[in-house]
Amino acid sequence: MKSKIKFGVSLYSYQDEFFRRSMTLEECIQAVADMGADGIEIIPEEMIRNFPHLSDEFLDQWFGWMEKYGTKPVAIDAFNDERTIYKHMGKEMPFDEVVAYHKSYIDVCHKLGCKYIRGMVTD
């Protein structure tokens, strides 16, 4: 009987390789596919140039990779602790900026075809 369990990988697992430029975003996606997983969680701040603004060119490339490697976008990893941005300045982020900040994650998640945002709060 074939298992219904699906496997995905957070590209957080490849953040060092990506940061050091020993792997491109496409190579990270290919590595996930090569290990038999099909779900992708991306770290948009790190891996998408001009985040939170996604160009049509990037989106075409992104969905092209999903098709090429038989993977699917599942989630984005959001470092959405807005307090960290202002913490070092000794003040809180204004509410309207907090809303805009979080909305940008929702918009990016939708454009990338993901269903989930995995939030990460740091202190």
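Up top you'll find the structure we're talking about.
Along each chain, residue indices are assigned from 1 in the same order as the chain's sequence is written. Restriction of local features to residues with pLDDT of at least 70 applies here, the model being predicted, together with a cutoff of 80 or more for giving and counting side-chain atom pairs; totals for whole chains, interfaces and linings are based on all residues. Processing note: side-chain calculations cover all non-hydrogen atoms of the structure and skip hydrogens and water entirely.

1. A word on the pairing of strand S2 (residues 39–42)
Put simply, the test is: Here's how the labels work: a residue is buried when its accessible area is under 20% of the maximum for its type, exposed when over 50%, partly exposed in between, all with a 1.4 Å probe on protein chains only. Strands here mean DSSP runs of E at least two residues long; helices mean DSSP runs of H or I at least four residues long; both are numbered from the N terminus. Strand pairing is defined by DSSP finding a minimum of two bridges between the two strands.
Of the two faces of S2, the one holding Gly-39 and Glu-41 and the one holding Ile-40 and Ile-42 are both buried throughout. In the sheet, strand S1 (residues 8–10) pairs with S2 via three bridges, with the strands oriented parallel. Looking at S2, one finds that Gly-8 is bridged to Gly-39.

2. What about the side chain of Ser-10?
This is how it is decided: Counting of polar contacts relies on pairs of N or O atoms within 3.5 Å, with two restrictions inside protein: one atom must be capable of donating a hydrogen and the other of accepting it, and residues adjacent in sequence are counted only when both atoms are side-chain atoms. What makes two residues a contact is simply this: any of their non-hydrogen atoms within 4.5 Å.
Its place among the elements puts Ser-10 in strand S1. Judged by its relative accessible area of 18%, Ser-10 is buried. A distance of 2.4 Å separates polar atoms of two side chains, one belonging to Ser-10 and the other to Glu-41. Other than its neighbours up to four places away in sequence, Ser-10 contacts Glu-41, Asp-77 and Arg-118.

3. Considerations on helix H4 (residues 56–69)
For clarity, the threshold we go by: An expected span of 1.5 Å times one less than the residue number is assigned to each helix. The directions from the helix axis to the C-beta atoms form the arc being described.
When the terminal C-alpha atoms of H4 are compared, their 20 Å separation across 14 residues agrees well with the 20 Å that a helix rising 1.5 Å per residue should span. Listed as buried for H4 are Phe-58, Leu-59, Trp-62, Trp-65, Met-66 and Tyr-69. What you see down the axis of H4 is that its buried residues fit within an arc of 125°, all on one side. Facing away from the buried surface of H4 by more than 90 degrees, the exposed residues are Asp-56, Glu-57, Asp-60, Glu-67 and Lys-68. Looking at the buried side of H4, the elements it contacts are helix H2 (25–34), S2, strand S3 (72–78) and helix H6 (95–111). At the C-terminal side of H4, Gly-70 shows a positive phi close to 65°.

By themselves, these observations are geometric and do not establish any function.
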